[in-house]
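Read off the chains here:
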Amino acid sequence: MKRILPILILLLSSCASQKHYEPTLKSALADKFYIGTALSPWQLTGRDSLAHDVITRHFNAIVPENCMKSMYLQPREGEFRFRDADAFVRFGEEHDMFVTGHCLIWHSQLPDWFFVDEAGRDVSPEVLRQRMRSHITTVVGRYKGRIKGWDVVNEAIMEDGSYRKSKFYEILGEEFIPLAFQYAHEADPEVELYYNDYNMYFPGKREAVCRLVRELKARGLRIDAVGMQGHIDMFGPSIEEFEASINAYAEAGVKVMITEFDMSALPSPWHRSANISDTISYEQRMNPYTQGLPEAVSAQWNERMMQYMQLFIAHADDITRVTLWGVCDGNSWRNGFPIRGRTDYPLLFDRQYCPKPVVNQLIEELTASNKRARSKRK
Ligand code: XIL
């Protein structure tokens with residue numbers, strides 16, 4: 001009984017015991033953009049029925065949080081492991097979701113062998129091109145016609161607009177980006193292709209990404225959208241900064257996707273980065289809400305989240321997808337980033353899988369405005 005009691009309490013207090021009401025997030029946002037979430041493999045099994053319920057009721061787009069990164073897909077050269085990725089794509093198809101792949105070329109979560117030869121020396125540009133082509137062709141080709149869009153290149157440009165000095169850049173120069181887009185397009189001519197990055201509201205980065213978009217297009221390469229990750233917090237960026245970048249990318253001639261949205265409710269060590277190598281050591285004062293979010297902070301969080309959602313809705317002509325980086329607070333990566341071991345509250349659903357006030361407010365406001373629009377049309 002001792003063991004069962006906490007589970008019983010969780011079940012009774014959870015939203016699963018509340019009535020299943022319509023509309024949901026995805027139905028309320030249906031004529032605006034896809035509303036998505038990142039998934040981890042255990043969420044696909046259906047064993048976590050509360051998560052399963054939230055995912056299938058509220059979201060119509062999914063992206064894999066980790067299982068399609070190169071270190072998981074090709075841990076050793078030529079040895080591909082597709083089990084989790086296959087399950088992820090199947091899940092999207094079974095639930096009629098817009099399935100995005102994440103990500104083909106990224107300096108992080110990449111297997112050690114990718115840049116080196118047997119003696120541990122950097123490979124030549126020719127060998128790296130061949131490895132990129134083989135990885136991209138195999139992965140994109142496997143899900144041809146099933147995955148609808150790919151984050152082709154992730155996080156290649158710095159806040160000041162310079163190129164990240166990754167091994168891709170050191171060995172191939174700027175050319176690695178057009179090459180990745182070319183290989184992906186050759187592997188599936190129908191699939192949408194995206195450039196994805198964090199801190200996309202920094203003016204230097206914004207200008208460099210717009211230049212990149214224009215250059216890819218000028219060369220006749222396909223690029224459909226720019227992905228603005230959006231790992232933000234209570235201190236920044238401002239709505240105006242974020243909006244300036246939405247406008248700039250749209251003007252550069254691509255769609256905009258908000259691809260990894262979450263908003264930390266905790267004190268920020270820097271306020272503005274999502275570079276995963278910047279983990280800062282744990283400090284008690286940086287983890288103040290281990291027993292729950294005080295009402296005043298929760299109200300501020302909901303208000304700021306609502307402002308962001310309204311911003312995205314106002315730009316629905318340019319924004320085709322808004323994806324949250326996770327389902328509920330308990331399994332968000334922000335509990336471990338940028339400081340390990342914190343209790344954070346960054347997502348739309350809380351630790352009991354209940355919708356936060358912003359979700360209900362959003363649904364109500366959208367339902368009312370959709371109704372008004374329908375009756376005007378009549
Ligand atoms: C994160 C995952 O959420 C974590 O589980 C993992 O340990 C590290 O990567 N930018 C990205 C995502 O493009 O792939 C990262 O995801 C978060 C930052």
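Residues numbered from 1 in each chain as written. Predicted model: local features only at pLDDT ≥ 70, side-chain atom pairs only at ≥ 80, totals over all residues. Heavy atoms only, no water.

Draft legend 1. Molecular detail of the site of the ligand. Around the ligand, 13 residues are found, and the nearest of them are E65, K69, H102, E260 and W325. In the environment of the ligand, an oxygen atom lies 2.9 Å from a nitrogen or oxygen atom belonging to the side chain of N154. (Near = heavy atom within 4 Å. Polar contact = N/O pair within 3.5 Å; in protein donor to acceptor, adjacent residues only side chain to side chain.)

Draft legend 2. A look at a positive patch on the surface. Residues K371, R374, R377 and K378 make up a contiguous surface patch of positive charge. Relative to the helices and strands, K371 resides in helix α13 (residues 357–377). (Patch = residues over 30% accessible without salt bridge, like charges linked within 9 Å, V, L, I, M, F, W, Y side chains within 5 Å. Areas by Shrake-Rupley, 256 points an atom, 1.4 Å probe, with all protein chains shown as cover. Salt bridge = Lys/Arg side-chain N within 4 Å of Asp/Glu carboxyl O. Lys, Arg positive; Asp, Glu negative; His and termini not counted. Charge placed at Lys NZ, Arg CZ, Asp CG, Glu CD. Helix = DSSP H or I, 4+ residues; strand = E, 2+ residues; numbered from the N terminus.)

Draft legend 3. Geometry of the environment of G253. Tracing the chain through its elements places G253 in the loop between α11 (239–251) and β8 (255–264). Considered as a pair, G253 and R214 are 39 residues apart in the sequence and their alpha carbons are 7.8 Å apart.

Draft legend 4. Seen up close, the environment of M309. Looking at where M309 falls in the secondary structure, it is placed in helix α12 (residues 295–314). Relative accessible area serves as the criterion here: at 1%, M309 is assigned to the buried category. C-alpha of M309 to C-alpha of V358: the two residues are 49 residues apart in sequence and 9.1 Å apart in space. Excluding its chain neighbours within four sequence positions, the residues that come into contact with M309 are V322, L324, L348 and L362. (Buried < 20%, exposed > 50% of the residue type's maximum accessible area, 1.4 Å probe, protein only. Contact = heavy atoms within 4.5 Å.)

Draft legend 5. The arrangement of the nonpolar core in detail. The biggest cluster of nonpolar side chains holds 110 residues, and the ones touching the most others in it are M68, M132, W150, V153, Y195, F242 and F312. Sorting elements by how many residues they give to this core places α12 first, with 9 residues. For M132, the contacting residues outside a window of four places in its chain are I105, F114, F168, L172, F176, L179, A180 and Y183. (Core = buried A, V, L, I, M, F, W, Y, C linked by side-chain atoms within 4.5 Å.)

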